[in-house]
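In case you want the letters, here they are:
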Amino acid sequence: MRHAYMGGQMKRLRESHGLTQAALARALELSPSYLNQIERNQRPLTLAVLQKLDQQFGAEAQPFHDAGDSRLASRLRAALADQGAQISTAELHELADNSPGLAKLILDMRRRLRNATERADLLAEQISGQPDPPAAPTGFEAVRDYFYTRRNHIAELDHHAERLGDLMPVTGRAEALATYLQDRHGIRIEAQTGPGTLRRFDAGRRVLHVAAHLSESQRFFQMGTQLALLEEAQSIERICAESRLSDDALPLLRIGLANYYAGALILPYRQFLTAAEAERYDIEVLSRRFDIGFETTCHRLSTLQRPGAEGVPFFFIRVDRAGNISKRQSATDFHFSRFGGSCPLWSIYEAFSRPGEILTQLAQMPDGRRYLWVARTVTHGGGRYGAAVKNFAVALGCDIAHAERLVYADGLEPNRPEAATPIGPGCKLCERESCPQRAFPMIGRPTEADPQRSSFAPYSPLGDSSLR
């Protein structure tokens, strides 16, 4: 946890319980003067104090976790950047740490403004007779943000899945789960051939159709998703109700939670975390050990944030060749661009030119933060002649502070700053004026007009190749 000054939040929590400073200090085993200094932002909130807050206040202490990991400040910076606002990093952290409610309101207002602008643009194009652009996937983004703000860890579903997952064998588990569904719910599994969906449940006949071309672990995942919709229905519905997401986002959240349960079922938390630590997070070794795919392994590694039993806090991302992000999960504060584009110097894009090969990269963001990234291509689809094949690149990353825990840091000299590749959050948000790969000027910053100084050329009538 980054040392954060959250005096305002501490004071509001104390007053909401009607406690004096002396009473709260006793509960937290602190001196009254120390607590007074915390509330006056003269001392940061340390990890030791945060743990005592967790013990005393449980879920009410969660906002301190949210503020202390810098992610809210990163989101504020991105939301304000396209408005031309030049807010210092210190000011953003102060707002995020001490007034998270206000910070989240600003983010919500920015989202509403973006949606309103998109609707206005759509109306203008309809009036002008231009083809209708596809609707923005606001529900998808809302669900993605829901998991992001919870560090991609849903504790209740993870615990429930682990209890059953620990009873499943590593080999033959699809058959074991099929037997469980038959014995407990009277559901029969039938293979579904030909094109169509991966999973279809006929509630009237109590038959679950699962695509025949799937591997054992993929069939297990589809059955696990259906099991979640049956056994965890109440938990999922309660989580959906508490999420306060819009009606168009709730179906996506519901299936997202069911998929989360299935992933936790196929890879029980403590089993998988113990193996990951023992193998130094070697993705290929873990994939073989649990008989799962590379992408599934990466995804599960990004969810290991159970309080008191945390794994490495990873970021996980999946992109296609065009740079479209179809999966984005983060257990900490790496900034993923929300305004289009990403950094071409990032290793995830190089992976497409070296299919099937694991690439490693030490990368440094403009704010000086350094990260270790692991990237590789994956393929979806196929399974029969003529079937469509989809190619993606997936990447798993973590802060350089955790690099030594990973086998991928061997030989990379993670403690040497000059070994890191300078990357950014996309040209429109990146401060690196001299980057040779810059495609657009930074939003809110005027484009340099002097050709002797500017690294950004929005248009050349002859093209660069004609000058060589």
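Residues numbered from 1 in each chain as written. Predicted model: local features only at pLDDT ≥ 70, side-chain atom pairs only at ≥ 80, totals over all residues. Heavy atoms only, no water.

## Brief notes about the overall build of the chain
And step 1. Along its length, the chain carries 18 helices and eleven strands.
And step 2. Counting only residues that meet the buried cut, the chain has 44% of its 468 residues in that class.
And step 3. Long-range pairs, those at least 24 residues apart, make up 62% of the contacts in the chain between residues at least 6 apart in sequence. (Helix = DSSP H or I, 4+ residues; strand = E, 2+ residues; numbered from the N terminus. Buried < 20%, exposed > 50% of the residue type's maximum accessible area, 1.4 Å probe, protein only. Contact = heavy atoms within 4.5 Å.)

## Some thoughts on the nonpolar core
And step 1. Counting residues in hydrophobic clusters, the biggest one holds 68 residues, and the most contacted among them are Leu-253, Leu-257 and Leu-301.
And step 2. Counting 18 residues, the second largest nonpolar core, distinct from the first, contains Ile-348, Leu-359, Ala-393 and Ala-395. (Core = buried A, V, L, I, M, F, W, Y, C linked by side-chain atoms within 4.5 Å.)

## Comments concerning the sheet that holds strand 9 (residues 370-381)
And step 1. One open sheet accounts for six strands, arranged 7-6-10-9-8-11; its pairing is mixed. For this open sheet the edge positions go to strand 7 (325-330) and strand 11 (421-422), each flanked by a neighbour on one side alone.
And step 2. Pairing of strand 6 (residues 315-319) with strand 7, which is carried by five bridges, proceeds in the antiparallel orientation. Paired with Phe-316 across the strands is Gln-329, a residue of strand 7. (Pairing = 2+ DSSP bridges.)

## Examining the sheet that holds strand 3 (residues 207-211)
And step 1. Here we have three strands laid out as an open sheet, ordered 1-3-2, and mixed in their pairing. Single-partner strands in this sheet number two, and they are strand 1 (188-192) and strand 2 (199-202). Each neighbouring strand pair of the sheet contributes to a mean axis angle of 25 degrees, computed without reference to strand direction.
And step 2. Packing against the sheet, helix 12 (residues 216-231) makes contact with strand 1, strand 2 and strand 3, and its axis sits at approximately 145 degrees to strand 3. (Axes fitted to C-alpha atoms, helices over the stretch in contact; angles between N-to-C directions.)

## Points about the pairing of strand 8 (residues 359-364)
Sheet faces and side chains relate simply in a regular strand, where the side chains alternate between the two faces.
And step 1. One ladder, built from six bridges, connects strand 8 with strand 9; its direction is antiparallel. Along strand 9, the bridge assignment pairs Ala-363 with Tyr-371.
And step 2. Hairpin connection, strand 8 to strand 9: the antiparallel pair is bridged by five residues, and Gly-368 has positive phi, about 95 degrees.

## Focus on unusual backbone geometry
And step 1. Here the phi dihedral of Glu-29 falls at roughly 60 degrees; this positive angle occurs in a residue that is not glycine.
And step 2. Tracing the backbone shows Glu-29 in the loop between helix 2 (21-27) and helix 3 (32-39).
And step 3. Among the residues examined, Glu-29 registers a relative accessible area of 64% and is labelled exposed.
And step 4. With a phi angle near 60 degrees, Arg-244 is a residue other than glycine that sits in the positive phi range.
And step 5. Of note, Arg-244 is situated in the loop between helix 13 (233-243) and helix 14 (250-266).
And step 6. Given the relative accessible area of 78%, Arg-244 is considered exposed.

## Remarks on the packing of helix 1 (residues 7-16) against helix 3
And step 1. Packing of helix 1 against helix 3 leaves a shortest axis separation of 7 Å and a crossing angle of 120 degrees. In terms of their interaxial angle, helix 1 and helix 3 are classed as oblique. Here helix 1 contributes Gly-7, Gly-8, Met-10, Lys-11 and Arg-14 to the contact with helix 3, which in turn contributes Leu-35, Ile-38 and Glu-39.
And step 2. Grouping the constituent residues of the contact of helix 1 with helix 3 by class yields three nonpolar, two polar and three charged. (Parallel < 35°, antiparallel > 145°, perpendicular 65-115°, else oblique. Nonpolar A, V, L, I, M, F, W, Y, C, P; charged D, E, K, R; others polar.)

## Description of a nonpolar patch on the surface
And step 1. Together, Leu-102, Leu-105 and Met-109 give the surface a local cluster of nonpolar side chains, amounting to about 300 Å² of exposed area.
And step 2. Looking at the element boundaries, Met-109 is found in helix 8 (residues 100-128). (Patch = residues over 30% accessible without salt bridge, like charges linked within 9 Å, V, L, I, M, F, W, Y side chains within 5 Å. Areas by Shrake-Rupley, 256 points an atom, 1.4 Å probe, with all protein chains shown as cover. Salt bridge = Lys/Arg side-chain N within 4 Å of Asp/Glu carboxyl O.)

## Considerations on the packing of aromatic side chains
And step 1. Evaluated as defined, the whole model comprises seven aromatic pairs.
And step 2. On the numbers, 4.9 Å between centres and 75 degrees between planes, the contact of Trp-346 with Trp-373 is edge-to-face. Taken together, the residues Trp-346 in the loop between strand 7 and helix 18 (347-350) and Trp-373 in strand 9 connect sequence positions 27 residues apart. In terms of burial, Trp-346 and Trp-373 fall into one category: buried.
And step 3. Aromatic ring contacts, followed pair by pair, group Phe-315, Trp-346, Tyr-349, Tyr-371 and Trp-373 into a single cluster.
And step 4. In this structure, Arg-173 is placed above the aromatic ring of Phe-220, and the distance from its NZ or CZ to the ring centre is 5.8 Å.
And step 5. Over the aromatic face of Phe-392 sits the side chain of Arg-318, whose NZ or CZ is 4.1 Å from the ring centroid. (Phe/Tyr/Trp six-rings, centres within 6.5 Å; stacked < 30°, edge-to-face > 60°. Lys NZ or Arg CZ within 6 Å of the ring centre and 35° of its normal.)

## A word on helix 13
And step 1. By the burial criterion, the buried members of helix 13 are Ser-235, Ile-236, Ile-239, Cys-240 and Ser-243. All buried residues of helix 13 project into a common sector of 135 degrees when viewed along the axis, lining one side. Exposed positions of helix 13 whose direction lies more than 90 degrees from the buried face are Gln-234, Ala-241 and Glu-242.
And step 2. After helix 13 finishes, the residue Arg-244 shows a positive phi value of roughly 60 degrees. (Arc of directions from axis to C-beta.)

Function cannot be read off these values alone, since they describe shape.
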